[in-house]
Amino acid sequence: MLVHALIREDGTVGADELYRVANTLGMSDQQVRLCVKRLVTEGRFTHQGRGRRAELHATPDTVRALAPNADFLRHAFRQDAGAAPWDGVWHLAAFAVPESARAARDSLRETLVHLGGAPLQGGLYVSANAWEPYVEEAAQRLGAHRGLTLLTTTDLRRGDTREPAELARELWPLAEIADRYHRLDRIAEPRLARLTGPAELSSAELLTFAVELAAELTRAMDPDPLLPPQLLPRPWPGARARERVARCWAALYARDRGEARPALFRRYADLTREAAERATG
């Protein structure tokens, strides 16, 4: 998360900046070196130079992998603004992948859960969102597309349960997800006070706030299926936490001096502006 947060607009990460922010967050130089080595070994980054003068270059696959996260956050802001009402349609995905392709089967299952799917029974998952393009892309990439079946329904029942909000409570761990958003809100509140206060903040402090907020936002949103508000308890802490984080990003962007600005600043600032325009428009 730290390395991804510091990717600049040109796809590079400066090692000196990486070490400085990591040290501020309590990470050792050895932890950073091991992380960089692993990312290069996995093919996510290439590496030029040595020590703190080195520079990492994100591969095209790494840059592309960050795009869906922005899509999900954009959708969450649209839901918070009431701009994405639920149409009552459940989206289902079923797959039958042979034992000989166990790795692909496991990866597809993990992808469905990451996309917000809940298991109904073996090999059958459900989402309240139109996830088909993401599911099909993953199945194609994993070579499992021939074993994938997609369907939709407005009449989903599980045992005797058919009321949508009750189904949501049964299928997803909403209390656990809510707790993660409460934590995000608690972490964002003091940082917003610092960012909107009169005190000067160094570039390292701004980057540290950015990484902390991005990490906690990811921790909260990764297990969140982004259910429509109609299916969630009220009030839902996710909307409040995202609103506070959006204000943090606006303040971060306003304070940023534009020196080798991480792409994260622009990406989240753009999403924040879109959310604000929808709220006032």
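Because the structure is predicted, anything quoted here is derived from the model rather than measured. (Residues numbered from 1 in each chain as written. Predicted model: local features only at pLDDT ≥ 70, side-chain atom pairs only at ≥ 80, totals over all residues. Heavy atoms only, no water.)

Student: Explanation requested: the overall build of the protein chain in the structure shown.
Tutor: For the protein chain, the count of helices and strands is 12 helices and seven strands. Taken across its 281 residues, the protein chain has 45% of its residues classed as buried. A fraction of 70% describes how many contacts in the protein chain between residues 6 or more apart in sequence connect residues 24 or more apart. Accessible area of the protein chain: about 14,700 Å², with a carbon and sulfur share of 51%. (Helix = DSSP H or I, 4+ residues; strand = E, 2+ residues; numbered from the N terminus. Buried < 20%, exposed > 50% of the residue type's maximum accessible area, 1.4 Å probe, protein only. Contact = heavy atoms within 4.5 Å. Areas by Shrake-Rupley, 256 points an atom, 1.4 Å probe, with all protein chains shown as cover.)

Student: I'm lost on the packing of aromatic side chains in this one. Help?
Tutor: Two aromatic rings, taken as a pair, are described by how far apart their centres are and by the angle between their planes. Within the structure shown, the criterion is met by five aromatic pairs. With a centroid separation of 5.0 Å and an interplanar angle of 70°, the aromatic rings of Trp 86 and Trp 90 are classed as edge-to-face. By relative accessible area, which is 2% here, Trp 90 ends up buried. For the pair Trp 90 and Trp 172, a centre-to-centre distance of 6.5 Å together with 15° between the ring planes defines the contact as stacked. (Phe/Tyr/Trp six-rings, centres within 6.5 Å; stacked < 30°, edge-to-face > 60°.)

Student: Would you mind going over helix α8 (residues 164–171) with me for this structure?
Tutor: For an α-helix, 3.6 residues make a turn, and residues three or four places apart therefore share a direction. Those residues of α8 that sit buried are Ala 165, Leu 167, Ala 168 and Leu 171. For α8, the angular spread of buried residues about the axis comes to 155°, placing them on one side. Next to the buried residues of α8 lie β4 (90–95), β5 (118–121), β6 (124–127) and α9 (174–195). The opening residue of α8 is Glu 163, an N-cap whose side-chain oxygen sits 3.1 Å from the backbone nitrogen of Ala 165. (Arc of directions from axis to C-beta. Polar contact = N/O pair within 3.5 Å; in protein donor to acceptor, adjacent residues only side chain to side chain.)

Student: What am I meant to see in the nonpolar core here?
Tutor: Looking at soluble globular proteins, one finds that nonpolar side chains tend to be buried together. Core analysis: the biggest nonpolar cluster contains 60 residues, and Trp 90, Val 126, Trp 172, Tyr 181, Leu 195, Leu 227 and Leu 252 have the highest contact counts within it. Contact partners of Val 126, with chain neighbours within four places excluded, come to Trp 90, His 91, Leu 92, Gly 116, Gly 117, Ala 118, Leu 120, Trp 131, Leu 156, Leu 171 and Trp 172. The next biggest cluster of nonpolar side chains, apart from the first, holds 20 residues, and it includes Leu 18, Ala 22, Ala 54 and Val 211. (Core = buried A, V, L, I, M, F, W, Y, C linked by side-chain atoms within 4.5 Å.)

Student: Explain the sheet that holds β4 here, please?
Tutor: One key point about sheets: their strands pair by backbone hydrogen bonds, in either a parallel or an antiparallel sense. Ordered by their spatial adjacency, four strands build an open sheet running β5-β6-β4-β7, and the pairing between neighbours is antiparallel. The open sheet has two edge strands with one neighbour each: β5 and β7 (148–153). Shown here is a sheet whose adjacent strand axes are inclined to one another by a mean of 30°, direction ignored. Set on the sheet, helix α7 (residues 132–142) makes contact with β4 and β7; between it and β7 the angle comes to about 170°. Sitting on the sheet, α8 is in contact with β4, β5 and β6, with an inclination near 95° to β5. (Pairing = 2+ DSSP bridges. Axes fitted to C-alpha atoms, helices over the stretch in contact; angles between N-to-C directions.)

Student: Please clarify how the pattern of salt bridges should be interpreted in this entry.
Tutor: If the charged atoms of two oppositely charged side chains come close together, the side chains can form a pair. If you walk through the whole model with that rule in mind, you get 21 salt bridges. Put simply, Arg 105 and Glu 99 hold a salt bridge, and the shortest N to O gap is 3.2 Å. Among the residues examined, Arg 105 registers a relative accessible area of 18% and is labelled buried. Across the pair Glu 176 and Arg 180 runs a salt bridge whose closest N-O atoms are separated by 3.8 Å. Residue Glu 176 and its partner Arg 180 are located together in helix α9, separated by four residues, close to a single helical turn. For Glu 176, a relative accessible area of 44% puts it in the partly exposed group. (Salt bridge = Lys/Arg side-chain N within 4 Å of Asp/Glu carboxyl O.)

Student: Can you walk me through the packing of helix α2 (residues 15–24) against helix α10 (residues 203–221) in this structure?
Tutor: Two quantities define a packed helix pair, namely the angle between the axes and the distance from one axis to the other. Where α2 contacts α10, the two axes come as close as 9 Å, and the packing angle between them is 70°. Judged on the interaxial angle alone, α10 and α2 are roughly perpendicular. Seen from α2, the contacting residues are Glu 17, Arg 20, Val 21 and Thr 24; seen from α10, they are Ala 204, Leu 207, Thr 208 and Val 211. (Parallel < 35°, antiparallel > 145°, perpendicular 65-115°, else oblique.)

Student: What is the right way to look at α9 in this model?
Tutor: Taking 1.5 Å of rise per residue, the 22 residues of α9 would be expected to cover 32 Å, and the 31 Å separating its terminal C-alpha atoms lies within 8% of that figure. Burial in α9 covers these residues: Leu 174, Ile 177, Ala 178, Tyr 181, Leu 184, Asp 185, Ile 187, Ala 188, Arg 191, Leu 192 and Leu 195. Residues of α9 that are buried make contact with α8, α10 and α11 (237–255). (Expected span 1.5 Å × (residues − 1).)

Student: Hey, could you run me through the side chain of Thr 161 in this one?
Tutor: Looking at the secondary structure, you find Thr 161 in the loop between β7 and α8. A distance of 2.7 Å separates the side chain of Thr 161 from the side chain of Glu 170, its partner in a polar contact. Setting aside its immediate chain neighbours within four residues, Thr 161 contacts Leu 156, Glu 166, Leu 167 and Glu 170.

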